[in-house]
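In case you want the letters, here they are:
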Amino acid sequence: MKSDLSIRILSGNGNRPLAEAIARRISVYRGSEVGLADARVERFSDKEIFVEIFENVRGEDVFVVQPTSNPANDNLMELLIMTDALRRASARRVTAVVPYFGYARQDRKTSARTPITAKLVANLFEKAGVDRVLTMDLHAGQIQGFFDLPVDNLYAAPVFALDIRHHFKNVGELQVISPDVGGVVRARDLAKRIGAGLAIVDKRRSGPGEVESMTVIGEVEGKCCIIVDDICDTAGTLVKAAELLRDQGATSVHAYISHGVLSGPAVPRISGSALESLVITDSIQQPEAVRAAPNIRIVSVAPLFAQAILNVGNDTSVSSLFSEKTLGPIYEAFYRFD
């Protein structure tokens, strides 16, 4: 590790608790204090965003922690304006740390005269002066190709695998469930990591956000089912899938979701559903209603991003963090799966 490694962590208003947790982890890993850069991100009375950085960042390697979650447009503009401020302050490199990449679901034209907004956002990142992007569980891996700059896409699967091993002792009873055909690769990866079987919920939509019918492909009777997906928005599909699995003979149903968007009626739906537990990461800052829900649990990805930031700063491998063998000692030392 470079002894002269000099990095700065800057946070917008998107998820400051995660940024603070990342800074604390980096401080522990390095053995020296690393705090958030002194800056203000404010709004004028007409809601224009204003950024001022109070520290010298000339020649520094700066990591801006800012998910583009709800309010997506405000958080996106904060990130772009912070990047512009850093470029004009002569920062050596600006890495956008975007735990949740908003607009990722708009990655293709779904019908005539519709945009590909994920590509537009990628262009905005580049025009603002972002040098590198560090994110987690992009909705579609090919979004990395929308950028003409390096993109490191981390995975929550190793963290989920560690958590599952801690909470579920009998792996033979587990069955990993993909909530749709498009998520089979993600579900298969988690199933392989924990040594469990795989089943699929085939759903047919009658319209955006509306599921017409669902069918289970695979054996779930007598199994403890774990649904895995990247995003849970209104939770309608997730709740219906859990009910279907219980009707098909599953002994219990749990879910592991990378990004808990949880908008609209999601929380009451989950609280009153057949789901025994929903595990999400802290890639998105959650309101009190989510934190207070009896069957929703949050697993932190701060250790994952902290190590990734150090690896990027040291010009060492980020792909080593794709394995729970690497993450295991990190999480055992600094995080409790409780």
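Structure report, in brief. Just so it is clear, the model here is predicted, and its values are computed rather than measured.

So, the overall build of the chain
Part 1: Summing up its helical and strand segments, the chain has 10 helices and 14 strands in all.
Part 2: Expected size for 338 residues packed as a compact globule is a radius of gyration near 20 Å; at 20 Å, the chain falls within 12% of this value.
Part 3: Considering only C-alpha atoms, the chain reaches an extent of 60 × 50 × 35 Å along its principal axes.
Part 4: About 15000 Å² of surface is accessible on the chain, with carbon and sulfur atoms providing 48% of the total.

Side note on helix 3 (residues 117-128)
Part 1: For helix 3, spanning 12 residues, the distance from its first C-alpha to its last is 16 Å, which sits close to the expected 16 Å at 1.5 Å a residue.
Part 2: Of all the positions in helix 3, only Thr 117, Ala 118, Val 121, Ala 122, Phe 125 and Ala 128 are classed as buried. Viewed along the axis of helix 3, the buried residues span an arc of 150°, placing them on a single side of the element.
Part 3: Contact partners of the buried residues in helix 3: helix 2 (72-88), strand 5 (93-98) and strand 6 (132-136).

What about the nonpolar core?
Part 1: With 51 residues, the main nonpolar core has Ile 9, Ile 22, Ile 26, Leu 304 and Ile 309 as its most contacted residues.
Part 2: Looking at which element gives the most residues to this core, the answer is helix 9 (residues 302-313), with 8 residues.
Part 3: The residues contacting Ile 22, other than those within four sequence positions of it, are Val 65, Ala 302, Phe 305, Ala 306 and Ile 309.
Part 4: If you look at the next biggest cluster of nonpolar residues, it comprises 33 residues, including Leu 10, Val 41, Ala 104 and Val 121.

Thoughts on the packing of helix 2 against helix 3
Part 1: Contact pair helix 2 / helix 3: the axes reach a minimum separation of 9 Å and the direction vectors enclose 20°. As far as their axial angle goes, helix 3 and helix 2 are roughly parallel. Two secondary-structure elements touch here, helix 2 through Leu 76, Leu 79, Leu 80, Thr 83, Asp 84 and Arg 87 and helix 3 through Val 121, Leu 124, Phe 125 and Ala 128.
Part 2: For the contact of helix 2 with helix 3, the class distribution of residues is 7 nonpolar, 1 polar and 2 charged.

Here we look at the packing of aromatic side chains
Part 1: Per the stated rule, a full pass over the model turns up 6 aromatic pairs.
Part 2: Arranged with centres 5.2 Å apart and planes meeting at 65°, the rings of Phe 160 and Tyr 256 form a pair that is edge-to-face. Of this pair, Phe 160 sits in helix 4 (residues 157-167) while Tyr 256 sits in strand 12 (residues 252-260), placing them 96 residues apart in sequence.
Part 3: By relative accessible area, which is 1% here, Tyr 256 ends up buried.
Part 4: Here the aromatic residues Phe 101, Phe 125 and Phe 147 are joined through ring pairs into a cluster of three or more.

Topic: the environment of Phe 125
Part 1: Relative to the elements of secondary structure, Phe 125 occurs in helix 3.
Part 2: Between the C-alpha atoms of Phe 125 and Leu 80, which are 45 residues apart in sequence, the distance is 6.7 Å.
Part 3: Residues contacting Phe 125, with those up to four places away along its chain left out, are Leu 76, Leu 79, Leu 80, Ala 96, Val 98, Phe 101, Val 130, Val 133 and Phe 147.

Notes on the side chain of Ser 273
Part 1: Within the secondary structure, Ser 273 sits in the loop between helix 7 (266-271) and strand 13 (277-281).
Part 2: Within the structure, Ser 273 has its side chain in polar contact with the backbone nitrogen of Leu 275 (distance 3.1 Å).
Part 3: Apart from residues no more than four positions distant in its own chain, Ser 273 is found in contact with Val 239 and Asn 295.

With respect to unusual backbone geometry
Part 1: Going from Asn 70 to Pro 71, the amide bond is cis rather than trans, its omega being 0°.
Part 2: With respect to the secondary-structure elements, Pro 71 resides in the loop between strand 4 (61-65) and helix 2.
Part 3: In this model, Asp 315 sits at a positive phi of 60°, which is unusual for a non-glycine residue.
Part 4: Examined against the element boundaries, Asp 315 turns out to sit in the loop between helix 9 and helix 10 (324-334).
Part 5: By relative accessible area, Asp 315 is classed as exposed at 56%.

Examining the state of the cysteines
Part 1: In total, this model carries 0 disulfides according to the counting rule given.
Part 2: Looking at Cys 224, it has no disulfide partner, and the nearest cysteine sulfur is the one in Cys 225, 7.0 Å off.

Some details on the pattern of salt bridges
Part 1: A complete count under the given rule lists 20 salt bridges for this structure.
Part 2: Between Glu 60 and Arg 8 there is a salt bridge, with the nearest N and O atoms lying 3.5 Å from each other. Taken together, the positions of Glu 60 in the loop between strand 3 (49-53) and strand 4 and Arg 8 in strand 1 (residues 7-11) put the pair 52 residues apart, joining distant regions of the chain.
Part 3: For Glu 288, the salt bridge is made with Arg 291, and the minimal N-O distance between the two is 2.9 Å. Of the two residues, Glu 288 and Arg 291 are both situated in helix 8 (residues 288-292); the distance of 3 residues between them amounts to about one turn of the helix.
Part 4: Residue Arg 291 is classed as partly exposed on the basis of its relative accessible area of 48%.

Criteria and thresholds
Residues take numbers from 1 onward in each chain, read along the sequence in its written order. In keeping with the model being predicted, local features are shown solely for residues with a pLDDT of at least 70 and side-chain atom pairs are shown and tallied solely at 80 or more, while totals for entire chains, interfaces and linings include all residues. Values reported for side chains reflect all heavy atoms of the structure, with hydrogen atoms and water molecules removed beforehand. The way it works is that DSSP assigns letters per residue, a run of H or I at least four long becomes a helix, a run of E at least two long becomes a strand, and they are numbered from the N terminus. The globule rule used here is 2.2 Å times the number of residues to the 0.38 power, and the radius of gyration it is set against is calculated over C-alpha atoms. Per-residue and other accessible areas follow the Shrake-Rupley method at a 1.4 Å probe size, with only the shown protein chains counted as cover for residues. Every helix has an expected span of 1.5 Å times one less than the residues it contains. Only protein chains enter the calculation, and the probe is 1.4 Å; a residue is then buried if its accessible area is under 20% of its type maximum, exposed if over 50%, and partly exposed in between. Throughout, the arc means the angular range of directions from the helix axis out to the C-beta atoms. We call two residues in contact when some of their heavy atoms are within 4.5 Å. For this analysis, a nonpolar core means a set of buried residues of the types Ala, Val, Leu, Ile, Met, Phe, Trp, Tyr and Cys, connected via side-chain atoms within 4.5 Å. Structural elements are reduced to axes, namely lines fitted to C-alpha atoms, with helices fitted over the stretch in contact, and the angle between N-to-C directions of any two is expressed from 0 to 180 degrees. For classification, angles of less than 35 degrees are called roughly parallel, those exceeding 145 degrees roughly antiparallel, those between 65 and 115 degrees roughly perpendicular, and all remaining angles oblique. Note on residue categories: nonpolar means Ala, Val, Leu, Ile, Met, Phe, Trp, Tyr, Cys or Pro, charged means Asp, Glu, Lys or Arg, and polar means any other residue, Gly included. Two rings belonging to Phe, Tyr or Trp (six-membered ring only in the last case) form a pair when the distance between their centres is within 6.5 Å. Interplanar angles under 30 degrees mark stacking, angles over 60 mark edge-to-face geometry, and anything in between is tilted. Whenever a nitrogen or oxygen atom comes within 3.5 Å of another N or O atom, the pair is scored as a polar contact, on the condition that within protein one atom can donate a hydrogen and the other can accept it, and that pairs from neighbouring residues in sequence are kept only if both atoms are in side chains. In this description, the term disulfide denotes a pair of cysteine sulfurs within 2.5 Å. One speaks of a salt bridge when a side-chain nitrogen belonging to Lys or Arg is within 4 Å of a carboxyl oxygen belonging to Asp or Glu.

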